[in-house]
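Coordinate analysis (summary)
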Amino acid sequence: MKNAVPKVAKQHKDMGKVVHNPWRELRRFTDARIGLGRAGISLPTNEMLAFQLSHAQARDAVNFPLDFAALSEQLQPFGTSVLHLHSQALDRSHYLQRPDLGRKLDIASRDKLTDFMSNVSAGAQHQHDIAITIVDGLSSLAVQKNATAFIKQLLVLLDEQPQAWRLAPFTLVEQGRVAIGDDIGQLLNAKVVVVLIGERPGLSSPDSLGLYLTWQPKAGLNDACRNCISNIRPAGLSYQDAAQRTLYLLQEARRLNLSGVGLKDRSQDDVIEHQTQTKNFLLSE
């Protein structure tokens, strides 16, 4: 009993101290919230404030509107026309409550693409190789910060290829989701559509850009028909690496005439494949 009083007193004394976690050393390798330490049974004040700030930034990324005028101006130097389109979701609230409407173009946008194709084809069959669609998605911040820089890297790689890629006009979509690219690719008569979209923001990544590639796009396709490259941003997958992977998928999609689950991203493989068959060691005597 004599030792109980000092022990309780020591516990109360430690309640005001920040106890550091040895895992804190690993935080230099990741943005994940590890090794936060504690103050008594709670988080330290600075860590709690940092969490609240990240949460606010994630909410802002969802709700802030994309500056389409500024984005259109950034795309002008690439020498391709820019078309501003809209989904069937009327506003942000409508978009968040009705995901299905974000997957479809409204009537005015469909008419705009139809008129464009009528003017450029002049009655002849006109086909584009790639349609690049930029969609606000769930993070306007991701699109505003990363879309133009990524496209610049991708176009440099495409220009270096011996087989040319004919580029459709850039399309900017307000209140859109991934599948809206299928409508756009079909209306622009494109062999492949590349959708750049703001991904759902996380507490450590409110500016993550996603890419979805679909060969022979048409309305009604599902996610099994697409290839995805995620987390394109300076703190994630670099623009150069993302462009290299996209180029690989584009080339393979054109070679195999498919995308989705049938097309594997092997751009990072270090395994040397041999054409000659080798005997399975499990079957050897």
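Calculation notes
- Residues numbered from 1 in each chain as written.
- Predicted model: local features only at pLDDT ≥ 70, side-chain atom pairs only at ≥ 80, totals over all residues.
- Heavy atoms only, no water.
- Helix = DSSP H or I, 4+ residues; strand = E, 2+ residues; numbered from the N terminus.
- Buried < 20%, exposed > 50% of the residue type's maximum accessible area, 1.4 Å probe, protein only.
- Contact = heavy atoms within 4.5 Å.
- Areas by Shrake-Rupley, 256 points an atom, 1.4 Å probe, with all protein chains shown as cover.
- Axes fitted to C-alpha atoms, helices over the stretch in contact; angles between N-to-C directions.
- Parallel < 35°, antiparallel > 145°, perpendicular 65-115°, else oblique.
- Left-handed = near helix turned anticlockwise from the far one by under 90°.
- Nonpolar A, V, L, I, M, F, W, Y, C, P; charged D, E, K, R; others polar.
- pLDDT = per-residue confidence, 0-100.
- Expected span 1.5 Å × (residues − 1).
- Bend = angle between axes of the 7 residues up to and from the residue.
- Patch = residues over 30% accessible without salt bridge, like charges linked within 9 Å, V, L, I, M, F, W, Y side chains within 5 Å.
- Salt bridge = Lys/Arg side-chain N within 4 Å of Asp/Glu carboxyl O.
- Phe/Tyr/Trp six-rings, centres within 6.5 Å; stacked < 30°, edge-to-face > 60°.
- Lys NZ or Arg CZ within 6 Å of the ring centre and 35° of its normal.

1. Remarks on the overall build of the protein chain
Along the protein chain, the regular secondary structure elements total eight helices and eight strands. With 285 residues in all, the protein chain has 40% of them scored as buried. Pairs at least 24 apart in sequence give 67% of the contacts found in the protein chain among residues at least 6 apart. Entry remark: accessible area of the protein chain is about 16,600 Å², with carbon and sulfur atoms responsible for 53%.

2. A few points about the packing of helix H6 (residues 140-159) against helix H8 (residues 239-256)
Remark: H6 packs on H8, axes separated minimally by 9 Å, with the N-to-C direction vectors making an angle of 55°. One finds that H6 runs oblique with respect to H8. Classified by chirality, the crossing of H8 by H6 is right-handed. Contacts between H6 and H8 involve Lys145, Asn146, Ala149, Phe150, Gln153, Leu154, Leu157 and Leu158 on the former and, on the latter, Tyr239, Gln240, Ala242, Ala243, Gln244, Thr246, Leu247 and Leu250. Classifying every residue of the contact of H6 with H8 by side-chain character gives 10 nonpolar, five polar and one charged.

3. So, the confidence of the model for the protein chain
A residue-level look at the protein chain finds 87% of positions with pLDDT of 70 or above and a mean pLDDT of 86. Counted against residues more than four places away or in other chains, residues 8-12, with its pLDDT under 50, gives zero contacts. Between residues 271-276, whose pLDDT stays under 50, and residues either more than four places distant or in other chains, the model counts one contact.

4. Remarks on H6
Because an α-helix completes one turn every 3.6 residues, residues spaced three or four positions apart along the sequence face the same direction. The end-to-end C-alpha distance of H6, which contains 20 residues, comes to 28 Å, matching closely the 28 Å that a straight helix rising 1.5 Å per residue would cover. Roughly 40° is the biggest bend found in H6, and it falls at Asn146. Buried within H6 we find Ser140, Ala142, Val143, Asn146, Ala147, Thr148, Phe150, Ile151, Leu154, Leu155, Leu157 and Leu158.

5. Notes on a nonpolar patch on the surface
There is a patch of nonpolar side chains on the surface, built from Leu43, Met48, Phe51 and Leu203 and spanning about 290 Å² of accessible area. Note that Leu43 resides in the loop between strand E2 (38-39) and helix H2 (45-63). Under the relative-accessibility criterion, Leu43 is labelled partly exposed at 36%.

6. A closer look at the packing of aromatic side chains
Counting across every chain of the model gives one aromatic pair. The interplanar angle of 65° and the centroid separation of 6.2 Å between the aromatic rings of Phe78 and Phe170 together place this pair among those described as edge-to-face. With Phe78 in the loop between helix H3 (68-75) and strand E3 (82-86) and Phe170 in strand E5 (residues 170-174), this pair connects stretches of sequence that are 92 residues apart. By relative accessible area, Phe78 is classed as partly exposed at 24%. Over the ring of Tyr95 we find Arg177, and its NZ or CZ is 4.1 Å from the ring centre. In this arrangement the basic side chain of Arg254 is found over the ring face of Trp165, its NZ or CZ atom lying 3.5 Å from the centre.

7. Quick word on the packing of H3 against H6
The contact between H3 and H6 brings their axes to 10 Å, and the two run at 15°. In this view, H3 runs roughly parallel relative to H6, as classed from their interaxial angle. When the axes of H3 and H6 are compared, the crossing they make is right-handed. On the side of H3, the interface is formed by Ala70, Leu71, Gln74 and Leu75, while H6 contributes Val143, Gln144, Thr148 and Ile151.

8. Details of the pattern of salt bridges
This structure, assessed with the given rule, holds 10 salt bridges. Residue Arg166 pairs with Asp129 through a salt bridge whose shortest N-O separation is 3.3 Å. Of this pair, Arg166 sits in the loop between H6 and E5 while Asp129 sits in strand E4 (residues 128-135); the two residues are 37 residues apart in sequence, bridging distant segments of the chain. Judged by its relative accessible area of 43%, Arg166 falls in the partly exposed class. Between Arg226 and Asp182 there is a salt bridge; the shortest N-O distance is 2.8 Å. Highlighted residues: Arg226 in strand E8 (residues 226-232) and Asp182 in helix H7 (residues 180-187), separated in sequence by 44 residues. For Arg226, a relative accessible area of 9% gives the class buried. Taking the relative accessible area as the measure of exposure, Asp182 reaches 2% and is therefore buried. The network of salt bridges with common partners includes Asp129, Arg166 and Lys191.

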